[in-house]
Structure formats: C-alpha cells, structure tokens
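In case you want the letters, here they are:
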Amino acid sequence: MSDKTSKTTRGATKLALAAVFMFSFGYLLVPLYDVFCDLTGLRFTDEEAVALSPQELEEDTSRLVTIQFDVSMNQGMSWHVKPEMQVMEVHPGRVYTTFYSASNRTVGEMVGQAVPSVAPIAANKYLVKTECFCFDNQTIAAGETVNMPLSFMLNPRLPPNVNLVTLSYTFFDITKNASAENQLDSVLAYK
Amino acid sequence: MSTVAAGDHHDHPESPYSIKRWLFTTNHKDIGTLYLWFSFIMFLIGGVMALVIRTELFQPGLQFVDPQFFNSMTTMHAIMMIFGVVMPAFTGLANWLIPMMIGAPDMALPRMNNWSFWILPFAFAMMLSTLFMDGGGPAGGWTLYPPLTLQTGDALPFVILSMHFMGLSSIMGAINVVATVLNMRAPGMTLMKMPLFVWTWLITAYLLIAVMPVLAGGITMLLTDKYFGTSFFNAAGGGDPVMFQHIFWFFGHPEVYILILPSFGVVSSIIPTFARKPLFGYASMVYATGAIAFLSFIVWAHHMFTVGMPLAGELFFMFATMLIAVPTGVKVFNWIATMWRGSMTFETPMLFALGFIVMFSIGGFSGLMLALAPVDFQYHDTYFVVAHFHYVLVPGSIFAIIAAVYYWLPKWCGNMYSEGLGKTHFWLSTIFVNLTFFPMHFVGLAGMPRRIPDYALQFSDYNMMATIGAFGFGLSQLLFLVLVIKAIRSGNKATSQVWEDAEGLEWTLPSPAPYHSFSTPPAIK
Ligand code: HEM
Ligand SMILES: [Cu+2]
C-alpha cells in the first residue's frame, strides 16, 4: 500500500513538474516563434532586407511602382505627424529619400517610437529601408517640429503583379518607458 | 446523503447539512457533488449574462445596456461557461465516476482534490467582483487580445489572478485524474479494458497539464506588459500583439478539445447501454481520441487566418485542421455502427446522447467550413463562428453533461428521476437550442459581426428568433433543476444495475453508491 502511495506521489510530482515546464514553455514560445520564422524564412528582418545589397541591383527604369505613405497615432499618442509626400512613383533599384515631419504640441518633451508595416504582405521583404526614423526612438522637445528622414529602395525582384505598395507607420508614445530606462541608466552610472 | 453498504467499516459521512463536511471532505463522491452543483450555479449566472446579451440583440439599436457593459457580458459569459461550467462539470463527473469505473476506493490524491475544488468559488467570486470595479469588468473578449484587453480598468489584475486560480484548480484536478487512473486500477483492469469515459478523461488530463500553464504564461505576460513595462505584445517596445494570439491559441485550441473529449466518453458509455450492443470499435475509439489530442496541438492558427500569415502557414493550418475531421468522423461512425440493428430504447440519457451526435456533427461541419482559409476571411468574427462553437458546446458538451447526469443520477442518489419530465426537458432544450443558434448561421454568413451590441436592420428577424430561443432554453433548464431535486428527495428506488443492459463496474455497486466505493478491489472478468 505504501509502495503504491509513494508511486502516486512520484507520479504526481512529475506531472506538476511538467506543468511548471509548460509554463516556461509559454515564455519560450516568444523566442521560438522567431527562431522558427527565421529557420523557415517565413519572416525576415530589416537587417536581412538590407543584406539584399543595393549595389548589385540595377535600377529598373522600365518599371514604375506607386508607393503610398501613411501614418497613424497609437492610442494616447498626441504627436502630429505627416509624410512629406503622400504618394511617390518609384523605379525599383534606386534609393529615394523623403521625410516625415512630426510636431509635439504638448508642453513636455516626449519620446516616440514608429513601427512600420507594409502592404501587401508580398511586398514586405522587397521594401528596403536604408535609413529610417523607425530604427531608433525619437525625442521631440515641447512645441518643436522635426523632419525625420527616410531612405528606401524597392528591390527589383519585387513580384511583377505588385504595382502599389503602402508603407504605414504607427507612432507609440514611449516617454514613460524611456524615462524609466534613463533613470535606470543614471542609477547604474552613479554606481 | 446515503446509507453505507452493509459490512462497510469506514466512517459514516457526517450529516449532509454540516458545512464542515463539505469544506473538509476528501471523499471523491462529495467532491464530485460539489463540482456539479458549483457548475450548475455558474450555469445559471452565465446563462443570465447570455440573456442580457440576447435581450440587447432582440431588436436593432441600443436599448437596454450600454455597449461597454454589453461587451463585458460577452466576455464574462464565455469565461463563466468555459471555466466555470463545462470544465468543473467534467471534473465533477470524473470525481464521481472514475474511481467507481476502475474499481478504486477513492481518488489518488484526496487532499489535493479538496483544494482543487475549493479554489474555484474564490476564483469566480473574484472574477464576478470585477463587474463592480472602476472601469467595469473585462470587456475585450474571453480571448483577452492585447492591446484591447490592456485597456481594461482596475479589473485586469483581478481577472488575471482569478484565471490563474482557475488554471491551478484544473491542473490539480488533472494531476489527480492521471494519478488515479495510472495507479489505482483494480487488478486485471488493464488500460485497454478501461471504459472510454476514463480513457477520454486521461487524455484530457494530459491536455490540461500541457496547455493550462501556457495560458498562465500568456496572461502573466499581459500583466507585466501593463504594469511592469515589459513589451511582449507592445509594438513600441519591439513586441508583437499577434504573438499573444499565437500563445493564446496554442492553449485555446487544445482547450476546445478539453471541452469535448470527456463528452465523447459519456456518449460512448450511454449509446451501447440503450442500443443493447457493445461499443463498436473500442480500440479505434481510443486511438481516435489520442489522434485528436495530438492534432489539437498543430492547428491553433486556424483562429488567426486573417492576421496576415504567410501562405505556407495558411495552407498548413488549413490542412491540419481538416485532418481532425478524420478521427472525429471515426467516432461518429462508431456510435452509429453501435446502434445499427441494436434494440434501441429512448430513455432521456439516450435522447440527449442522440441529440449530441446529430447536433455536434452540425457544429463539426461548420467547423470544417471555417477551416477553409480563403472563406474564413469572410466568416471570421461573424455570427457564423458564434453558431459553430455554440453547436459544439451547447448541444455538444452541455448536452453530454446533462446526458451523464440523467444516466448516472440513479446510481448517485438511489432514486429514478421522472422520465416524463426528463423527456420534456430534452425536447424543450432541443427545440430551443436550435431556435437560438441555427439562425446565427444565416446572419453570420450575411455578415453580422460578433461582439457588437447593435446590428443592421436586415438581421432583425433572425435575431428576434434567437432571443426567443435563448429565453426558452434558459427557462427549460429550470425544469432540469426541479427534476434533479425531486429525484434526490424521492422517486422509485433504483436497482444496482439501473439500466437493463448497463455494463461497467459502477453498476455492480448498490444504488445509491456507498460512501466508499471499492474498499476491496473487485474481480475483473
Ligand atoms: C471538426 C472539428 C472542428 C473544426 C474543423 C473547427 C474549426 C474551427 C475554426 C476554423 C475556428 C475559427 C473560426 C474563426 O474565428 O474564424 C473555430 C472556432 C471555434 N471553435 Fe471550432 N472546430 C472544430 C471543433 C470544435 C469543437 C469540438 C469545439 C469545442 C467544443 C470548438 C470550439 C470552438 C470555439 C470556442 C471557437 C471560437 C473561439 C473564439 O474565437 O472565440 N470547435 N473552430
Ligand atoms: Cu480551434
């Protein structure tokens, strides 16, 4: 009987450990999805897109693709941002530069982060950003307006059926997080 | 509650009216009873929430409740019904039945059993209390998608904490089931001799242990995103809200099988009894259950066809999902083959089991339609999805639970229930459940979105029907309550076997079943 009891306890402990493992596995899923997408090539990153090496690629003057610039503010973000150009006609293989202007009409300094998204999905990895305000967070002083540059190129291998690409940015207010980080930095520096 | 079988040397249970008996009990039957009553109470509360939703949707326009409250009703209704009704009811059935079915005296871990039940009332009290907090209850849907869910007011940490408790309770329940099934079987009760209810529960328990912690992880990430500055799902900090959906549905799809597998076990017990033939294809039933459980881990993204997955992903999840229809089809085939040329009678448990087979299959078919990635772009987040999951869950899981109660009630309380009332309950439930949910297919296909308190005029008639059906269904369940109370109090005495051709160890015990089941292991033929 006691043999049975200890067997039960051992079994139950193993199961409890399995549950604990699965809890960590939930967290592990976050990096695992990235690893999986990288391995299978289902998703790509900006760095990889740049690695497609613009130098090798010829400008394709026979082709004109329309690119639309769009922007929106996430909830609670009070900046006024607009693209210099709403639409451009571009040749794949050539680097273009444009900018977005952003103004902070509040009374305090704010930090924002832009997150890009490209439609259609098929065009995603062919839109190469060589310089972008979205690579870093942006700080704007109270009442200031700044022009934020963006340089990009369409890879000439862009599928032929794609003639219209939309590049859209969403701006997030990260003032709070950024200041927390700064505080942490200064605490560390002090030590 | 009952007299103890002659010759039983164990302690008598304390009086059923003593609170201490119920608080401290470690007896599997007492705990099973607690779970089942708890589930019924939650069923009434969740049902009232559903009726608030249907009342608002009776006519187009906003008339009874404000949209925020409406949304918190849809959210809470789902949480109540899934975590408070179906899961506890199955655990209650497991507690009552598994020891009796495998010839064991009790569950393997009786003290933990007590804990896993008593966590629940606190968890749900906390969940319900959020309705009175600043900013109202959770209103972003039971799927808790960020960023919407992160806009919940003061309620959020309480919602998450209470869901942690619910998860803890079901993990403990699951560990107990596995430990019982693996260690407490009577000599000779080999795995492949176990009744299918035990098999389906064993597999369900493994699913629970595997996925409830993943949900716990996901909602903890929500919590830290909101209060501790992490950015799991926050795009500004490099996270991705779609990541939450992947984590949630990695839990969520196995969860829907947690909500249905034990019903397969119930139906597989009832059909042979009333067809008076052994179950057709026992082994294939076991393997089909295992196959469904395995497949349930690789189909989750069929809930996310519209998030912008790569084509390869859409195709993989589409085909994997359609594959689940194969083992599910095997089950339905076996049930029908069991009845083929049987001498069938149609007592109430059989009626509910038959209703289950027919209406669960309807839900399975709409599931197959939703599994087609290209058309899901149209169906997603419409009432068609609502129709689908209500067909698999209400005339599916809930009917199976009701069937189980009718089938085993005489064994539990020693008295037969009133067959007339039972049949009335069945027919009213069946008519109203279809009146409620069938029209939702039509409005869904025509484009009525889910989780919105108002709708376009052309959907009015079907919505009116659905609301009438919902009230009819809700009221019919009060009949069930009356019937059960009557059977507990009085009624014809049940024999040990109760049903003419019932097979299984539980039917060798006297009715009502003695407080301690098999103090000496029974002989297995
Ligand atoms: C043949 C088997 C099944 C298939 C092929 C299937 C397929 C699907 C698909 C593709 C969806 C997503 C629809 C959308 O959001 O656009 C879905 C939703 C759902 N299914 Fe199933 N399903 C099946 C069986 C079940 C079962 C047995 C249950 C539970 C007992 C269930 C419960 C649900 C629930 C609750 C949802 C909605 C979740 C939500 O968004 O709130 N399904 N099903
Ligand atoms: Cu699913």
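Preceding block: the structure.
Residues numbered from 1 in each chain as written. Chains lettered and ligands numbered in written order. Predicted model: local features only at pLDDT ≥ 70, side-chain atom pairs only at ≥ 80, totals over all residues. Heavy atoms only, no water.

Engineer: Looking at this structure, how should I read the side chain of threonine 273 of chain B?
Structural biologist: Residue and element names in this part refer to chain B. Within the element layout of this structure, threonine 273 appears in helix H8 (residues 261–275). For threonine 273, a relative accessible area of 4% translates into the label buried. Among all residues touching threonine 273, those that are not within four sequence positions of it are Tyr407, Trp499, Asp501 and Ala502. (Helix = DSSP H or I, 4+ residues; strand = E, 2+ residues; numbered from the N terminus. Buried < 20%, exposed > 50% of the residue type's maximum accessible area, 1.4 Å probe, protein only. Contact = heavy atoms within 4.5 Å.)

Engineer: Help me understand the packing of aromatic side chains, please; the structure alone is not making it clear to me.
Structural biologist: Working definition: an aromatic ring pair is given by the centre-to-centre distance plus the angle between the planes. Under the counting rule described, the total for this entry stands at 58 aromatic pairs over all chains. Between the aromatic rings of tyrosine 96 of chain A and phenylalanine 152 of chain A, the centroid separation amounts to 6.0 Å while the plane-to-plane angle is 20°, which identifies the pairing as stacked. In this pair, tyrosine 96 of chain A sits in strand E4 (residues 95–103) while phenylalanine 152 of chain A sits in strand E8 (residues 145–154), placing the two residues 56 residues apart along the sequence. Classification of tyrosine 96 of chain A as buried rests on a relative accessible area of 10%. Taking the centre distance of 5.5 Å and the plane angle of 75° together, the rings of phenylalanine 248 of chain B and phenylalanine 251 of chain B count as edge-to-face. (Phe/Tyr/Trp six-rings, centres within 6.5 Å; stacked < 30°, edge-to-face > 60°.)

Engineer: Honestly, the coordination of the copper ion (ligand 2) in this entry has me stumped. Any pointers?
Structural biologist: Each angle at a metal carrying four tetrahedral donors should ideally be 109.5 degrees, and each at a metal carrying six octahedral donors should ideally be 90 or 180 degrees. Residues and elements named next belong to chain B. Within the protein, the copper ion (ligand 2) binds to His253 (ND1), His302 (NE2) and His303 (NE2); these donor distances fall in the range 1.9 to 2.1 Å. Read N to C, the donor residues that coordinate the copper ion (ligand 2) are spaced as H-x48-H-H. Here the copper ion (ligand 2) and the iron atom of ligand 1 are spaced 4.5 Å apart. Of this pair, histidine 253 sits in helix H7 (residues 241–258) while histidine 303 is found in the loop between helix H9 (282–295) and helix H10 (311–339), placing the two residues 50 residues apart along the sequence. Classification of histidine 253 as buried rests on a relative accessible area of 5%. (Donors = N, O, S within 2.8 Å, 3.2 Å for Na, K, Ca; no water.)

Engineer: Before we go on, may I ask you to explain the sheet that holds strand E2 (residues 80–83) of chain A in this structure?
Structural biologist: Each strand in a sheet pairs with another by means of backbone hydrogen bonds, the pair being arranged parallel or else antiparallel. All names here are of chain A. In spatial order, the strands read E2-E4-E8-E6; together these four strands make up an open sheet with antiparallel pairing. Each of the sheet's edge strands pairs with one partner strand only, and the pair in question is E2 and strand E6 (127–132). Going across the sheet, the axis of each strand differs from the next one's by a mean of 25°, ignoring polarity. Relative to E8, E6 runs antiparallel, the two being bridged by five bridges. Each bridged residue has a counterpart across the sheet, and for cysteine 132 the counterpart in E8 is leucine 150. (Pairing = 2+ DSSP bridges. Axes fitted to C-alpha atoms, helices over the stretch in contact; angles between N-to-C directions.)

Engineer: In this structure, what is going on with the sheet that holds strand E3 (residues 87–90) of chain A? I would like to understand it.
Structural biologist: Residue and element names in this part refer to chain A. With respect to topology, five strands assemble into an open sheet ordered E3-E1-E9-E5-E7, the strand pairing being mixed. Unpaired on one side and paired on the other, E3 and strand E7 (138–140) mark the two borders of the sheet. For this sheet, the mean inter-axis angle between neighbouring strands, taken without regard to orientation, is 30°. Looking at chain direction, strand E1 (residues 65–73) and E3 are connected through four bridges and run antiparallel.

Engineer: Just to check I follow, could you spell out the interface of chain A and chain B for this structure?
Structural biologist: Often the size quoted for an interface is simply the accessible area lost on bringing the parts together. Taken together, the contact pairs 25 residues of chain A with 33 residues of chain B. Interface of chain A and chain B: buried area, both sides summed, is about 2400 Å²; carbon and sulfur atoms make up 75% of it. Three residues stand out in chain A for area buried against chain B, namely Leu15, Tyr27 and Tyr33 of chain A, and they jointly supply 25% of the buried area on that side. Summed over the shared surface of chain A and chain B, the number is zero salt bridges. Viewed at the interface, chain B and chain A are joined by five residue pairs in polar contact (both at pLDDT 80 or more). Counting residues per element, the ones that place at least two in the side of chain A that touches chain B are helix H1 (2–40) and strand E5 (110–119) of chain A. Considering every element that reaches the side of chain A that touches chain B, the biggest residue donor is H1 of chain A, with 16 residues. (Buried area = accessible area lost by both parts, 1.4 Å probe. Salt bridge = Lys/Arg side-chain N within 4 Å of Asp/Glu carboxyl O. Polar contact = N/O pair within 3.5 Å; in protein donor to acceptor, adjacent residues only side chain to side chain.)

Engineer: Please explain the site of ligand 1 as it appears in this structure.
Structural biologist: Residues and elements named next belong to chain B. In the region of ligand 1, 22 residues are neighbours, and Trp142, Asp376, His380, His388 and Arg450 sit closest. A distance of 2.5 Å separates an oxygen atom of ligand 1 from a polar side-chain atom of aspartate 376. Here an oxygen atom of ligand 1 sits 2.8 Å away from a polar atom, N or O, in the side chain of histidine 380. Elements supplying a minimum of two residues to the shell around ligand 1: H7, helix H11 (348–371) and helix H13 (383–413). At six residues, the largest contribution of residues to the shell around ligand 1 is made by H11. For the shell around ligand 1, the residue count by class is 13 nonpolar, seven polar and two charged. (Near = heavy atom within 4 Å. Nonpolar A, V, L, I, M, F, W, Y, C, P; charged D, E, K, R; others polar.)

Engineer: Would you mind showing me how to read the coordination of the iron atom of ligand 1 here?
Structural biologist: In this structure, the iron atom of ligand 1 receives exactly one donor atom from the protein: His388 of chain B (NE2), at 2.1 Å. Relative to the helices and strands, histidine 388 of chain B resides in helix H13.

Engineer: Would you explain the packing of helix H6 (residues 196–227) of chain B against H7 of chain B in this entry?
Structural biologist: To describe two helices that pack against each other, one gives the angle between their axes and the distance between the axes. Residues and elements named next belong to chain B. Contact pair H6 / H7: the axes reach a minimum separation of 9 Å and the direction vectors enclose 150°. One element, H6, and the other, H7, form an angle in the roughly antiparallel class. Note that H6 runs across H7; the crossing there is left-handed. Judged by residue contacts, Thr204, Leu207, Leu208, Val211, Met212, Val214, Leu215, Gly218, Met221 and Leu222 of H6 engage Phe244, Ile247, Phe248, Phe250, Phe251, Pro254, Glu255, Tyr257 and Ile258 from H7. (Parallel < 35°, antiparallel > 145°, perpendicular 65-115°, else oblique. Left-handed = near helix turned anticlockwise from the far one by under 90°.)

Engineer: Teacher, can you tell me more about the state of the cysteines here?
Structural biologist: Any covalent bond linking the sulfur atoms of two cysteines counts as a disulfide. Residues and elements named next belong to chain A. Following the criterion strictly, the structure yields one disulfide over all chains and no others. Sulfur-sulfur distance for the disulfide between cysteine 132 and cysteine 134 comes to 2.3 Å. Every disulfide takes its handedness from the sign of the S-S torsion; for cysteine 132 and cysteine 134 that torsion is 130°, giving right-handed. Cysteine 134 gets classed as buried once you look at its relative accessible area, which sits at 8%. (Disulfide = S-S within 2.5 Å.)

Engineer: What's the story with a positive patch on the surface in this structure? I'm lost.
Structural biologist: Residues and elements named next belong to chain A. A cluster of basic residues, Lys4, Lys7, Arg10 and Lys14, forms a positive patch on the protein surface. Examined against the element boundaries, lysine 14 turns out to sit in helix H1. Judged by its relative accessible area of 61%, lysine 14 falls in the exposed class. (Patch = residues over 30% accessible without salt bridge, like charges linked within 9 Å, V, L, I, M, F, W, Y side chains within 5 Å. Areas by Shrake-Rupley, 256 points an atom, 1.4 Å probe, with all protein chains shown as cover. Lys, Arg positive; Asp, Glu negative; His and termini not counted. Charge placed at Lys NZ, Arg CZ, Asp CG, Glu CD.)

Engineer: Quick question: what am I supposed to make of the pairing of strand E9 (residues 164–173) of chain A here?
Structural biologist: Where a strand is regular, its side chains alternate between the two sheet faces. All names here are of chain A. Counting buried positions along E9 yields seven of 10 residues, so the element is predominantly enclosed. In the sheet, E1 pairs with E9 via eight bridges, with the strands oriented parallel. For glutamine 68, the partnering residue across the bridge sits in E9 and is threonine 166. The pairing of E5 with E9 spans eight bridges and is antiparallel. The residue bridging valine 115 from the neighbouring strand is threonine 170, located in E9.

Engineer: So what exactly am I meant to see when it comes to the pattern of salt bridges here?
Structural biologist: Where charged atoms from two side chains of opposite charge approach closely, those side chains can pair. All names here are of chain B. By the definition in use, this model includes five salt bridges over all chains. Between arginine 450 and aspartate 381 there is a salt bridge whose closest N-O contact spans 3.8 Å. Separated by 69 residues along the polypeptide, arginine 450 in the loop between helix H14 (419–445) and helix H15 (460–489) and aspartate 381 in the loop between helix H12 (373–379) and H13 bring together distant segments of the chain. For arginine 450, a relative accessible area of 15% puts it in the buried group. One network of salt bridges, in which partners are shared, links Arg276, Glu500 and Asp501.

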